[in-house]
Amino acid sequence: MYPVCLDIAERLCVVIGGGQVAERKVRGLLISAGVVRVVSPEVTRGLLSLIENRAVEWRQKKYHPSDLEGAFLVFAATNLSTVQAAVHRDARAAGLLINVANAPQLCTFQVPATIRRGDLTVSVATNGKSPAVAAMVRKRLEREFGEEWALLTRLAFLLREQMLAEEDRNMEVKNLFQKILHDDIVDWLRERQWANIQQHLESVLGRPVDRELEILIKENP
Ligand SMILES: C[C@@]1(CC(=O)O)c2cc3[nH]c(cc4nc(cc5[nH]c(cc(n2)[C@H]1CCC(=O)O)[C@@](C)(CC(=O)O)[C@@H]5CCC(=O)O)C(CC(=O)O)=C4CCC(=O)O)c(CCC(=O)O)c3CC(=O)O
Ligand SMILES: NC(=O)C1=CN([C@@H]2O[C@H](COP(=O)(O)OP(=O)(O)OC[C@H]3O[C@@H](n4cnc5c(N)ncnc54)[C@H](O)[C@@H]3O)[C@@H](O)[C@H]2O)C=CC1
């Protein structure tokens, strides 16, 4: 398995099945701004409320190959192995990326356990060997990585944007971030110790960082 981050914004993701597993996949897709179509005679309460809010399209019927038209990603998440096999076969034939919830060996992609802190994403996979271990590691990461990591990522982005706009930059960016990113800055961000952050950044960069900090503070008072 080779991990990648897919841009699914505004792309159609078709989920066959409407149980708990389908619902979990749908929620993950919506977080990443995917356009979701669910095909299933029945759906969970959770899916129903997403459908009622028009966050998800529902084809209230059994799977038919035409349901895959226009898809970028396909998920087979029914409880019937014959349906699972048919969706897998049709998606493969159409050259689509396919996740088969009951058959890791048939998946062309698998879904990792994931935490998100702003633009920071941490995903955990076990090559399909133990999703429960993946979920366990995800829970640990949730405790270890708080919302301050969203701030750190945002701040680094604001600083990096400026660095990349300047000339003679490549070596510099790497060296500067080695100096900027240490454990203390994570603590300062958690505690909103803006003065310490400002002092540290200005001593490394040798320039004022009022603009970047103003943006960050406005977003995270
Ligand atoms: C291959 C893969 C395909 C895919 O779905 O993408 C797959 C396959 C299977 N899962 C099964 C079971 C469970 N899956 C979970 C949970 C999750 N499963 C997820 C991913 C994956 N599951 C992919 C591999 C990822 C990896 O590399 O590890 C997570 C990470 C992501 C997500 O689904 O969003 C999400 C946790 C999210 C989180 O908590 O953060 C739980 C726990 C629970 O439900 O609480 C159980 C019960 C306990 C257990 O079995 O371990 C079964 C047996 C079905 C049966 O027996 O009927 C199969 C089929 C098989 O293994 O044959
Ligand atoms: N990959 C994963 O993370 C996990 C996978 N599984 C596997 O995922 C599958 C689904 O699990 P659950 O959601 O718990 O099952 P479930 O029984 O709650 O839901 C099955 C869904 O499939 C729908 N369905 C049945 N026939 C259909 C058809 N012809 N066309 C379209 N939809 C149809 C049903 O209406 C129902 O909504 C099972 O095969 C299970 O073994 C189970 C746990 C975790």
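As the structure is a prediction and not an experimental result, all values here were calculated from the model.

Trainee: What is the right way to read the packing of helix α1 (residues 20–31) against helix α2 (residues 45–52) from this model?
Mentor: Viewed as axis vectors pointing N to C, α1 and α2 meet at an angle of 40 degrees, and their least axial separation amounts to 9 Å. With respect to α2, the element α1 is oriented oblique. The crossing of α1 and α2 is left-handed. Residues Ala 22, Glu 23, Val 26, Arg 27 and Leu 30 of α1 form the contact with α2, whose own contacting residues are Gly 46, Leu 47 and Leu 50.

Trainee: Any chance you could explain the layout of surface pockets here in plain terms?
Mentor: Where empty space is left can be seen by rolling a probe of water-molecule size over the atoms. One number sums up the size of the largest pocket: a volume of about 1,700 Å³. In terms of lining residues, the largest pocket is bounded by 45 residues, among which Gln 110, Val 111, Pro 112, Ala 113 and Thr 114 are the most central. Of all the secondary-structure elements, those providing two or more residues to the lining of the largest pocket are α1, β4 (73–76), β5 (97–100), β6 (113–117), β7 (120–124) and α4 (131–144). Residue contributions to the lining of the largest pocket peak at seven residues, all from α1. Size it by volume and the second largest pocket reaches roughly 340 Å³. Lining the second largest pocket we find 16 residues, and of these Gly 17, Ser 40, Pro 41, Thr 78 and Asn 79 sit closest to its centre. A breakdown of the residues in the lining of the second largest pocket according to their chemical character gives seven nonpolar, six polar and three charged.

Trainee: Before we go on, may I ask you to explain the pattern of salt bridges in this structure?
Mentor: Pairs can form between side chains of opposite charge once their charged atoms are near each other. Considering all chains together, one arrives at 12 salt bridges under this definition. When the shortest N-O distance is used, the salt bridge between Arg 89 and Asp 90 registers 3.2 Å. The exposure class assigned to Arg 89 is exposed, which follows from its relative accessible area of 55%. Residue class for Asp 90 comes out buried when judged on its relative accessible area of 16%. Here Arg 211 ties to Glu 212 by a salt bridge, and the two come within 3.7 Å at their closest N and O atoms. Taking the relative accessible area as the measure of exposure, Arg 211 reaches 42% and is therefore partly exposed.

Trainee: Any chance you could explain the state of the cysteines here in plain terms?
Mentor: Two cysteines form a disulfide when their sulfur atoms are joined by a covalent bond. All told, the structure shown has zero disulfides when counted by the stated rule. Unpaired in this structure, Cys 13 has its nearest cysteine sulfur neighbour in Cys 5, at a distance of 15 Å. A disulfide-free cysteine, Cys 107 has its sulfur positioned 15 Å from the sulfur of Cys 13, the nearest such atom. Classification of Cys 107 as buried rests on a relative accessible area of 9%.

Trainee: Whenever I open this one, the domain arrangement of the chain confuses me. Can you help?
Mentor: How large an interface is tends to be reported as the accessible area lost when its parts come together. Here the domain parsing of the chain yields domain 1 (12–111) and domain 2 (147–219). Centre-to-centre, using C-alpha coordinates, domain 1 lies 41 Å away from domain 2.

Trainee: How should I be thinking about the site of ligand 2 in this particular structure?
Mentor: Residues in contact with ligand 2 amount to 21 residues; listed here are only the nearest, Gly 18, Val 21, Arg 24, Ser 40 and Tyr 63. The backbone of Glu 42 places a nitrogen or oxygen atom 3.1 Å from an oxygen atom of ligand 2. Tyr 63 is positioned with one of its backbone polar atoms (N or O) 3.0 Å from a nitrogen atom of ligand 2. Protein contacts shield 68% of the accessible area of ligand 2, which totals 870 Å² for the unbound molecule. At a threshold of 2 Å from the grid points, most atoms of ligand 2 map onto the second largest pocket. No other element matches α1, which puts four residues into the shell around ligand 2. In terms of residue class, the shell around ligand 2 is built from nine nonpolar, eight polar and four charged.

The rules behind each value
- Residues numbered from 1 in each chain as written.
- Chains lettered and ligands numbered in written order.
- Predicted model: local features only at pLDDT ≥ 70, side-chain atom pairs only at ≥ 80, totals over all residues.
- Heavy atoms only, no water.
- Axes fitted to C-alpha atoms, helices over the stretch in contact; angles between N-to-C directions.
- Helix = DSSP H or I, 4+ residues; strand = E, 2+ residues; numbered from the N terminus.
- Parallel < 35°, antiparallel > 145°, perpendicular 65-115°, else oblique.
- Left-handed = near helix turned anticlockwise from the far one by under 90°.
- Contact = heavy atoms within 4.5 Å.
- 1 Å grid on protein atoms, 1.4 Å probe; cavity = no way out; pocket = protein on both sides within 12 Å on 5 of 7 lines; lining within 4 Å.
- Points joined across faces, edges and corners; volume = space filled by probe spheres on them.
- Nonpolar A, V, L, I, M, F, W, Y, C, P; charged D, E, K, R; others polar.
- Salt bridge = Lys/Arg side-chain N within 4 Å of Asp/Glu carboxyl O.
- Buried < 20%, exposed > 50% of the residue type's maximum accessible area, 1.4 Å probe, protein only.
- Disulfide = S-S within 2.5 Å.
- Domains from an automatic or database assignment.
- Near = heavy atom within 4 Å.
- Polar contact = N/O pair within 3.5 Å; in protein donor to acceptor, adjacent residues only side chain to side chain.
- Areas by Shrake-Rupley, 256 points an atom, 1.4 Å probe, with all protein chains shown as cover.
- Sits in = over half its atoms within 2 Å of the grid points.

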